[in-house]
Amino acid sequence: MADRRPHIVFTQYTQYIAVDVERMEDEDGTPHDMGTVTTLCRCGDSSFKPFCDGTHSSNGFVGTKEDDRVPDEVKEYPGDGITVVDNRGVCSHGGECLKALPGVFDLGKRPWIDVSAATKDVILDAIRLCPSGALSYRLDGGERIQEFGQTRARIVVKKDGPFEVQGGIGLQDDLDNTPECPEHYCLCRCGSSRNKPFCDGQHADAGFQG
Ligand code: SF4
Ligand code: FES
């Protein structure tokens, strides 16, 4: 029997193709119509965003990574009963962690994560807000846990930002890209990320609107 798990397929030259993804919604919960197969813009130039209108085939879009991207590097920040695990290379820079716990997550400090500044449970709540999978954790030296605050399979269309893919929607492409966390990740939809297909926050500098 065919695997009917919702997934997103594409090549470096194509739009995203969402297959069996039943739910896509704006940040305020407004749903978008989804079919069994739905094409989504990743070049940033569609006049029908968040859906594809075919523009990627005429604007020279190629969805590969750039050499100057922030490299994938997993670092660990040990604390009392919890170790925060972070990969700067996949952060989408929405600032969710910074807003939730500015005493723990502060890009103006080095190291930028101070695990001693809050209790374990409060830090866990902040990590569960991380849409990109950059943040995860270990408890008492145990295995790495990558979880998000909600588990429903859906795509959230961030205003002027990425597709936030949640709930274990699979990803298959021709370059063997693998999300840092297969359960939740952020896909670039502005066309400017240096870490395509994943969002790296460049949408803000690029002035992306959509
Ligand atoms: S993607 Fe994660 S690590 Fe990056 S700003 Fe948002 S919550 Fe923080
Ligand atoms: S949507 Fe974030 S870098 Fe493109």
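Refer to the structure presented above.
Throughout, a residue's number is its position along its own chain's written sequence, starting from 1. Each chain takes a letter, starting from A, and each ligand takes a number, starting from 1, following the order in which they are written. Totals for whole chains, interfaces and linings use all residues, but because this is a predicted model, local features are given only for residues with pLDDT of at least 70 and pairs of side-chain atoms are given and counted only at 80 or more. The basis for every side-chain value is the complete set of non-hydrogen atoms in the structure, without hydrogens or water.

Here the nonpolar core consists of buried residues drawn from Ala, Val, Leu, Ile, Met, Phe, Trp, Tyr and Cys, with membership extended through side-chain atoms lying within 4.5 Å. With a 1.4 Å probe rolled over the protein chains alone, any residue whose accessible area is under 20% of its type maximum counts as buried; one over 50% counts as exposed, and the rest are partly exposed. Counting residues in each nonpolar core, the largest one holds 21 residues, and the members touching the most others are I8, F163 and L187. Secondary structure elements are taken from DSSP: a helix is a run of H or I of four residues or more, a strand is a run of E of two residues or more, and numbering for both begins at the N terminus. At the level of elements, β1 (7–10), β2 (16–19), β8 (154–157), β9 (163–166) and β11 (184–187) are the ones that each hand at least two residues to this core. The residues contacting F163, other than those within four sequence positions of it, are Y16, M24, L40, C41, P50, I155, V156, V157, Y185, C186, L187 and R189. Residues Y77, V84, C91 and F105 belong to the second largest nonpolar core, which totals 20 residues. Residue contacts follow a heavy-atom distance rule, with two residues in contact if any of their heavy atoms lie within 4.5 Å.

Attention now goes to the packing of aromatic side chains. In this scheme Phe, Tyr and Trp rings, the latter by its six-membered ring, pair at centre separations within 6.5 Å, and the angle between planes marks the pair as stacked below 30 degrees, edge-to-face above 60, and tilted otherwise. By the definition in use, this model includes five aromatic pairs. Among the aromatic residues, those joined into a cluster by ring pairs are F10, Y16 and F163. It is R189 that lies over the ring of F163; its NZ or CZ is 5.5 Å from the centre. Whether a charge sits over a ring comes down to the Lys NZ or Arg CZ being within 6 Å of the ring centre and within 35 degrees of the ring normal.

Right, let's talk about helix α2 (residues 120–127) for a bit. Quick reminder: α-helices carry 3.6 residues per turn. Residues three or four places apart thus point the same way. Among the residues of α2, those classed as buried are I123, L124, A126 and I127. Seen end-on, α2 carries its buried residues on one side only, within an arc spanning 160 degrees. For α2, the secondary structure elements touched by its buried residues are β6 (82–87), α1 (96–100) and β7 (135–139). Each direction from the helix axis to a C-beta atom contributes to the arc, which is the arc of those directions.

With that settled, consider the sheet that holds strand β3 (residues 24–26). At least two bridges found by DSSP between two strands is the condition for calling them paired. With mixed pairing, four strands are arranged side by side in an open sheet as β3-β8-β9-β11. At either margin of the open sheet sits one strand with a lone partner, and together these are β3 and β11. Strand-to-strand twist of the sheet, defined as the mean angle between neighbouring strand axes without regard to direction, takes the value 25 degrees. As paired strands, β3 and β8 are joined by three bridges and run parallel to one another. If you follow M24 over to β8, its bridge partner there is I155. The angle between two axes is taken between their N-to-C directions and runs from 0 to 180 degrees, where each axis is a line fitted to C-alpha atoms and a helix contributes only its stretch in contact.

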